[in-house]
Amino acid sequence: MKRILIVGLSILAIVVGTSLMSPAAPKNDGRPDGGTLGYGEYGRPSTLDPITSNEMISLRITELVFNGLVGIDEKQQIVPELAERWEVSKDGRAYTFFLRKDVTWHPKEGEDSKPFTADDVVFTYNIMMHPRTITPLKVRYEFIDKVEKLNDYTVQFTLKRPILNALAKFSFKVLPKHGPSNPLYLTREDPFVQHPIGTGPYILKTITTDREIVLVANENYFKGRPHINKFISKPFADQNIMTQALMFNAIDMVVLVNPRDIPELQGDKRFILQPYNALSYGFFGYNLRNPLLADKRVRKAFTYAVNRQEMLDSFFNGQGTIISGPFAPGSWAYNLDVQPLPFDPQKAIALLREAGFNPGPDGVMQKDGKKLTLSLKVPIEKESEAVKRVVLAFQNYLKNIGAAVKVEFKEWQAWKESVFLEHDFDIVFASWVFDDSADISSLFHSAEIGSWKNNFGAYSNPEVDGLIVESKLTLDHEKRRTINRKLHAILSDEAPYTFLWTLTNYSGHHKKLRRVAIHPYKFFSFADEWFIPVADQK
Amino acid sequence: MKLAATKPITLVLARELALAALLLVGVSFVVFVILYLSPGDPFSVLLEGQISNHAARAGLREALGVPRTWYVQYLSWLGNLLQGNFGTSIRTGLPVFGEIARVALSTLYLTLGSMLVTLLIAVPIALHSSVRGTTALNWLLTMLAYVVSALPVFWLGYVAVYVFIHQFGVFPLTARIAASSERTWPFSLLPIFVLGIGNGTVSEVVRHLREEMSRVMGEDYIRTARAKGASVWRHAFKEGLLIPMTEIIASKIPFILGGAVIVEQVFNWPGMGRMAWQAAQDRDFPVIMGIAMIAATLVRLGSLLQRVVYVAVNPRASNERRGAAWAE
Amino acid sequence: MKRYSQTTGEVGESSDLSPWKTADALDLVYVGYGLLIVVLVLVSYVLGAFTWLPYDPEQIRVDLLNAPPGSAGHLLGTDFLGRDILSRLIVGIQAYFLPGLLAIVISLLLGTTLGALAGYRSGEVETLVTYFNNLVDSFPRLVLILLVIAAFKPGIYYIMVVVGVTGVPAVASLIAGKIEFLAQKNFIEAAHVLGLPSRVILLKHILWHHCMPLLVIQATIGMGEAILIETSLSYLGFGVQEPTPSWGNMVQAGANYFFQGKFWPSTAPALSILFTILGFHLLGDGLNGILEGSAGK
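As the structure is a prediction and not an experimental result, all values here were calculated from the model.

## Some remarks on the overall build of chain A
Right, on to step 1. From N to C terminus, chain A includes 15 helices and 21 strands.
Right, on to step 2. For 538 residues, the compact-globule formula gives about 24 Å, and the C-alpha radius of gyration of chain A, at 25 Å, lands near that figure.
Right, on to step 3. Reported as C-alpha extents along the three principal axes, the dimensions of chain A are approximately 80 × 55 × 40 Å.
Right, on to step 4. Here the contacts in chain A between residues at least 6 apart in sequence split such that 69% fall between residues at least 24 apart.
Right, on to step 5. Of the roughly 19700 Å² of accessible surface on chain A, 51% is carried by carbon and sulfur atoms.
Right, on to step 6. Charged side chains in chain A number 66 positive and 63 negative. The centres of these two groups are separated by 1 Å.

## Remarks on the overall build of chain B
Right, on to step 1. In terms of regular secondary structure, chain B is built from 14 helices and 0 strands.
Right, on to step 2. Long-range contacts, defined as pairs at least 24 residues apart, comprise 74% of the intrachain contacts of chain B with a sequence gap of at least 6.
Right, on to step 3. As displayed, chain B has an accessible area near 13600 Å², and 68% of this comes from carbon and sulfur atoms.

## Points about the nonpolar core
Right, on to step 1. Val31(B), Leu233(C) and Leu236(C) are the most contacted members of the largest nonpolar core, which has 143 residues in total.
Right, on to step 2. At 13 residues, the largest contribution of residues to this core is made by helix 9 (residues 198-236) of chain C.
Right, on to step 3. When neighbours within four sequence positions are excluded, Val31(B) is seen to be in contact with Trp77(B), Met289(B), Ala292(B), Phe139(C) and Leu147(C).

## Digging into the sheet that holds strand 5 (residues 94-99) of chain A
Residue and element names in this part refer to chain A.
Right, on to step 1. Spatial strand order, 4-5-7-6: 4 strands in an open sheet with antiparallel pairing. Looking at strand neighbours, the two that pair on one side only are strand 4 (83-88) and strand 6 (144-151), the edges of this open sheet. Direction aside, neighbouring strands of the sheet carry axes that sit 20 degrees apart on average.
Right, on to step 2. Both strand 5 and strand 7 (residues 154-159) contribute to a ladder of 5 bridges, which runs antiparallel. Across the sheet, the residue bridging to Tyr95 is Phe157, located in strand 7.
Right, on to step 3. Its contacts with the sheet place helix 2 (residues 118-129) against strand 5, strand 6 and strand 7, and it is angled at close to 160 degrees to strand 6.

## Things to note about the interface of chain C and chain B
Right, on to step 1. Contact with chain C, which involves 61 residues of that partner, is made by 70 residues of chain B.
Right, on to step 2. Taken together, the connections running from chain C to chain B amount to 1 salt bridge.
Right, on to step 3. Asp285(C) is the partner of Arg207(B) in a salt bridge, and the nearest nitrogen-oxygen pair spans 2.1 Å.
Right, on to step 4. Along the contact surface separating chain C from chain B lie 8 residue pairs in polar contact (both at pLDDT 80 or more).

## Some points on the interface of chain C and chain A
Right, on to step 1. With 24 residues of chain C in contact, the opposing surface of chain A contributes 25 residues.
Right, on to step 2. A combined buried area of about 2200 Å² lies between chain C and chain A, and 56% of that area is made up of carbon and sulfur atoms.
Right, on to step 3. Taken as a group, Val62(C), Asn256(C) and Phe259(C) account for 26% of the area that chain C buries against chain A, more than any other trio of residues on that side.
Right, on to step 4. Viewed at the interface, chain A and chain C are joined by 1 salt bridge.
Right, on to step 5. Residue Lys399(A) pairs with Asp56(C) through a salt bridge whose shortest N-O separation is 3.5 Å.

## What to know about the pattern of salt bridges
Right, on to step 1. Considering all chains together, one arrives at 34 salt bridges over all chains under this definition.
Right, on to step 2. Between Lys472(A) and Asp439(A) there is a salt bridge; the shortest N-O distance is 3.8 Å. Separated by 33 residues along the polypeptide, Lys472(A) in helix 13 (residues 462-473) and Asp439(A) in the loop between strand 20 (427-433) and helix 12 (441-444) bring together distant segments of the chain.
Right, on to step 3. Bridged by salt links that share partners, the residues Asp79(C), Arg83(C), Arg88(C) and Glu242(C) form one connected network.

## Focus on the pairing of strand 4 of chain A
All names here are of chain A.
Right, on to step 1. For strand 4 and strand 5, the ladder comprises 5 bridges, and the chain directions are antiparallel. Pairing of Val88 across the sheet is with Tyr95, part of strand 5.
Right, on to step 2. Adjacent in sequence and paired antiparallel, strand 4 and strand 5 are bridged by 5 residues, among which Gly92 carries a positive phi angle near 75 degrees.

## A closer look at the packing of helix 1 (residues 9-37) of chain B against helix 14 (residues 285-313) of chain B
The axes of two packed helices give the description: the angle between them and the distance between them.
Residue and element names in this part refer to chain B.
Right, on to step 1. Two numbers describe how helix 1 lies on helix 14: the axes approach to 9 Å, and their chain directions differ by 160 degrees. As judged from the angle between their axes, helix 1 and helix 14 are roughly antiparallel. Of the two possible hands of crossing, helix 1 and helix 14 adopt the one that is right-handed.
Right, on to step 2. Among the residues making up the contact of helix 1 with helix 14, the classes are represented as 20 nonpolar, 2 polar and 3 charged.

## Observations regarding the packing of helix 4 (residues 94-120) of chain C against helix 7 (residues 156-184) of chain C
Residues and elements named next belong to chain C.
Right, on to step 1. Relative to each other, helix 4 and helix 7 sit at 30 degrees, their axes nearing to 6 Å. Comparing the axis directions of helix 4 and helix 7 gives the class roughly parallel. Seen from above, helix 4 lies across helix 7 with right-handed handedness.
Right, on to step 2. Considering only residue class, the contact of helix 4 with helix 7 consists of 23 nonpolar, 8 polar and no charged.

## Section: helix 1 (residues 56-65) of chain A
Residue and element names in this part refer to chain A.
Right, on to step 1. A large share of helix 1 lies buried, amounting to 8 of its 10 residues.
Right, on to step 2. Within helix 1, burial applies to Ile57, Ser58, Arg60, Ile61, Thr62, Glu63, Leu64 and Val65.
Right, on to step 3. Summarising the contacts, the buried residues of helix 1 are in contact with strand 1 (36-42), strand 8 (202-207), strand 9 (213-217) and strand 10 (230-236).
Right, on to step 4. Its side-chain oxygen placed 3.1 Å from the backbone nitrogen of Ile57, Glu55 serves as the N-cap of helix 1.

## Some details on the confidence of the model for chain A
Right, on to step 1. With 95% of its residues at a pLDDT of 70 or more, chain A has an overall mean of 87.
Right, on to step 2. Confidence drops under a pLDDT of 50 for residues 1-24 of chain A, and excluding neighbours within four residues, the segment shows 77 contacts in the predicted structure.

## Brief notes about the environment of Gln218(C)
All names here are of chain C.
Right, on to step 1. Along the chain, the position of Gln218 falls in helix 9.
Right, on to step 2. Overall, the relative accessible area of 9% leaves Gln218 in the buried class.
Right, on to step 3. Expressed as a C-alpha distance, the spacing of Gln218 and His281, which sit 63 residues apart in the sequence, is 9.7 Å.

## Re the sheet that holds strand 16 (residues 365-367) of chain A
Right, on to step 1. Strand order across the open sheet formed by 3 strands is 15-16-17 (chain A), with antiparallel pairing between neighbours. Each of the sheet's edge strands pairs with one partner strand only, and the pair in question is strand 15 (358-359) and strand 17 (370-371) of chain A.

## Overview of a nonpolar patch on the surface
Residue and element names in this part refer to chain B.
Right, on to step 1. Residues Phe29, Tyr36, Leu37, Trp70, Tyr71, Val72 and Leu75 make up a contiguous nonpolar surface patch of about 710 Å² in total accessible area.
Right, on to step 2. Contributions of two or more residues to the nonpolar patch are made by helix 1 and helix 4 (70-82).
Right, on to step 3. The topology assignment puts Trp70 in helix 4.
Right, on to step 4. Judged by relative accessible area, Trp70 falls into the partly exposed class, the value being 41%.

## Looking at the side chain of Arg60(A)
Residue and element names in this part refer to chain A.
Right, on to step 1. Secondary-structure assignment places Arg60 in helix 1.
Right, on to step 2. The class of Arg60 is buried, set by a relative accessible area of 9%.
Right, on to step 3. Here Glu41 takes part through its side chain, which lies 2.8 Å from a polar atom of the side chain of Arg60.
Right, on to step 4. For Arg60, the contacting residues outside a window of four places in its chain are Glu41, Val255, Lys522, Phe523 and Phe524.

## A look at the packing of aromatic side chains
Right, on to step 1. Overall, the coordinates contain 54 aromatic pairs over all chains when judged by the stated rule.
Right, on to step 2. Judged by centre distance (6.4 Å) and plane angle (15 degrees), the rings of Phe283(A) and Phe456(A) are stacked. Taken together, the positions of Phe283(A) in strand 13 (residues 280-286) and Phe456(A) in the loop between helix 12 and helix 13 put the pair 173 residues apart, joining distant regions of the chain. Take Phe283(A) and Phe456(A): they sit in the same class, and that class is buried.
Right, on to step 3. Taken together, the ring pairs in this structure connect Tyr281(A), Phe283(A), Trp415(A), Phe420(A), Phe425(A), Trp432(A), Phe434(A), Phe444(A), Phe456(A), Tyr459(A), Tyr497(A) and Phe499(A) into an aromatic cluster.
Right, on to step 4. Its guanidinium or amino end placed over the ring of Tyr257(C), Arg260(A) lies 6.0 Å from that ring's centre, counting from NZ or CZ.

Rules and cut-offs
Residues numbered from 1 in each chain as written. Chains lettered and ligands numbered in written order. Predicted model: local features only at pLDDT ≥ 70, side-chain atom pairs only at ≥ 80, totals over all residues. Heavy atoms only, no water. Helix = DSSP H or I, 4+ residues; strand = E, 2+ residues; numbered from the N terminus. Rg over C-alpha atoms; globule rule 2.2 N^0.38 Å. Contact = heavy atoms within 4.5 Å. Areas by Shrake-Rupley, 256 points an atom, 1.4 Å probe, with all protein chains shown as cover. Lys, Arg positive; Asp, Glu negative; His and termini not counted. Charge placed at Lys NZ, Arg CZ, Asp CG, Glu CD. Core = buried A, V, L, I, M, F, W, Y, C linked by side-chain atoms within 4.5 Å. Buried < 20%, exposed > 50% of the residue type's maximum accessible area, 1.4 Å probe, protein only. Pairing = 2+ DSSP bridges. Axes fitted to C-alpha atoms, helices over the stretch in contact; angles between N-to-C directions. Salt bridge = Lys/Arg side-chain N within 4 Å of Asp/Glu carboxyl O. Polar contact = N/O pair within 3.5 Å; in protein donor to acceptor, adjacent residues only side chain to side chain. Buried area = accessible area lost by both parts, 1.4 Å probe. Parallel < 35°, antiparallel > 145°, perpendicular 65-115°, else oblique. Left-handed = near helix turned anticlockwise from the far one by under 90°. Nonpolar A, V, L, I, M, F, W, Y, C, P; charged D, E, K, R; others polar. pLDDT = per-residue confidence, 0-100. Patch = residues over 30% accessible without salt bridge, like charges linked within 9 Å, V, L, I, M, F, W, Y side chains within 5 Å. Phe/Tyr/Trp six-rings, centres within 6.5 Å; stacked < 30°, edge-to-face > 60°. Lys NZ or Arg CZ within 6 Å of the ring centre and 35° of its normal.

So, in structure tokens, the structure goes:
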């Protein structure tokens, strides 16, 4: 389940009005500088800038190299970063950011470093929104009407309409105006995307022939020099080997430990497993264009038939939370009153009978001579063992209640075409990232049915449509909470998806690394605070 | 096409070079046809994450300068290839040629090394059994060669890594990582050994060498010479070992390059094989086309070298027996 | 896969002349072992076809993942989904039958045609065939397969077409070499003198009588190659897809637990592959020794 359909990039955050001023000085926290951290990644990054990249490995690198106007701290609070403070106009449409004056860009080769100014912010927004720039970020910033430079250290964003949690979205990474060779838009041909410079704690130094990415500490980092001298990202092509590399000290950290390797690492005192929420959820999605699946009782029967706890325990060592709706558990939008349906095959069979199905001679349920035979399409990944386990177990559970599921593994691109374009499927197994403002309009609103739109199952319910729109328009947090709880209850009952779980991911690292705090999604947000005791630096 | 019986090496070289060039043009055409016939859109990778409408895609096509008709596409691609311009990777935006060049050397190191390993295993067995006949020892060794040739190479790799970890407490990874500690450098050779043993060609090399050697040893005049006590090793070495060896190596290069795809994956060896795999997953056409071209060039280079060695050791080489594969 | 330029026609002959020719008894043992494997494979087909198996190969036991051999009646243990490994091994051979056959048919048909053309009519035709052979031989097979996978889609039949086509040169040069060898022995001339039409000579006397053993050997080798290629591709994620068992995807899935000391899920299929391929190779060798030895005289 490595590949995730990206709906929203950053996590749910609570707006804070106040701002703090942090001084640009070396860290005088008594912790030692020095040492090297080598971490293993499964696969290689495509590009290393925050705009054209679209996968997690790049995202983690950009977290080390770049900063946003605002950042998010370990308690998920919004904190100042490149902007030292900000003001929001009364109508909620104008956001004015006052920038730090002590920030400099990483030096380009053979040049002095340049200061960071408002021009860079305007530049970043402009290339991000340029039609020639291909970036998954674009849709996230369509709410912005325009950006203006008020003076060298002040920028103002004007919103098309006020939205909740707008501030969190200003965590996008800022690029230097003098970075990309093309001043208007950014493509993957631009040399900048392979050798970016930013304002962040680490400077990208070299990419070796082994495709190892070497990052060195930024001595002039405005939050103070990071402790660890060097970060090296090492690509692996085989996850089993990557875990062995950690266990035999060829690397110091693995950002995402394969669930099957967790018991082995757990038993080893040299390593620390650090949990973090995957911030995404797995589900089986149904195609309601199929008349058999248009019947809510059938979809609910399937949900009753699946033993989610057993799968979670056996395949993921129980590391995760079973969910009943499309919101992050523990978030304000999640409705704890809605319990996940229990595992109850008898009830599932009863529901199917109620829907008019009867067992046929071959054990497969039938209705009006039509067999309950469905296709399940799953994208192929090389290391997709967990996916295989879940879908094949699903097939097995459904077999037990008389539904025949044909599992088809398809290459990623072909899978996307058959699901999002041709709608040629009955069931899909996939996962979505939780939206940071609990916006589910693209998933379940009936206006989102169509080619390449996210409501691939063609779920349509006027009540849900109304609630989604209402939730989007309201600016009252409590009211919005009530609406989302209602949406949660309806979607759980209607079961357009069989919601499965949100998993707990684990990173594994050698115990010599200290003060390791992890951002659930961006991972390295707090890496400038990590350190290695002098004795372990070698 | 029949040439004089004695050919200066330069002439042979020139002709073989021309043949290689002709074959590479053929290779490029095959590669192009396969991709031209492919359904789907190589540009969709680029658009991943930002699924836009089709009009935007068509605009993108033009912006990237993709011409329309197939022969214009082919010729412009070929023209660029000849200038060393293999295009840019759809995934990373980097020039393909440079990307391949930076990893080609490590693949070459791996394949040449493993070839050496294959020969070090196969030649003694073949020699022993062709000179001494079938003895229990060389029968056993031959069977062993057969056995390793029938093992899935990645599984062999896993077994090797496991054994090294648990027997020697050493993690054999890439040369770079292993070399970071002096104690471990010999283990960086592990991938080379695994590919050398498990590339599936050991058994064939043994068989081929044994047969050729036996044949040469069995030729009438050698038997006579041996009977008279004269030394025959020079001739036997040339005809029975050196030439068959170069032949079999040249013909097995493609196999070993293929095996490298797997071994690079297991041992995290930064080479063309891993790149090819990644490109196949991403449908990164420029990269995989480039790799196919470079790999084919290496194969042709190998057979070119084989011809050169053959002519060099055997200046009176006529085309009667092993003559240039297609000169008749 | 015996093919080293055009020397192959002499292989049989040279073994004959060689004073160190290996004992015929050994050839018989090889053939015996090879036939045993073939019989086992056929039995597996039958067992699989009639589903006479210890367990349903797709029956999942979430409570019995990676069980060691012998536990709960599973002779070879269970895999990462608690499925019976023995049953999956038996059924797994089916994955290779049709695709392997496709590869074999392509390489034999095309290879024989081209080889006969090249051997029987020298000159430009031969040059063309040799060009084709060299062209196909220029591609590392796995790279070509990856190219085809990128261009079309992963699918065992696409892959086997490539395997078949890349097997053509081997067959073609074998056949051409054989025909040339016969021509040198004035065999063809003699047939012409007897007034036989070319077609009959080619089809009946040359191909049927003299090349059949070669083709049988090539077919068994082709089957072995289909299995090995599929195994490699399974490791890369492009082989036969779950839940259909193939030996390759079984080794791959089992190998994920190798480093945790759970060897059985990958070792059982790996050894099956080993013994089968070994059988095919020895069958080829033995047949070569026996049939070629007599055919050459």
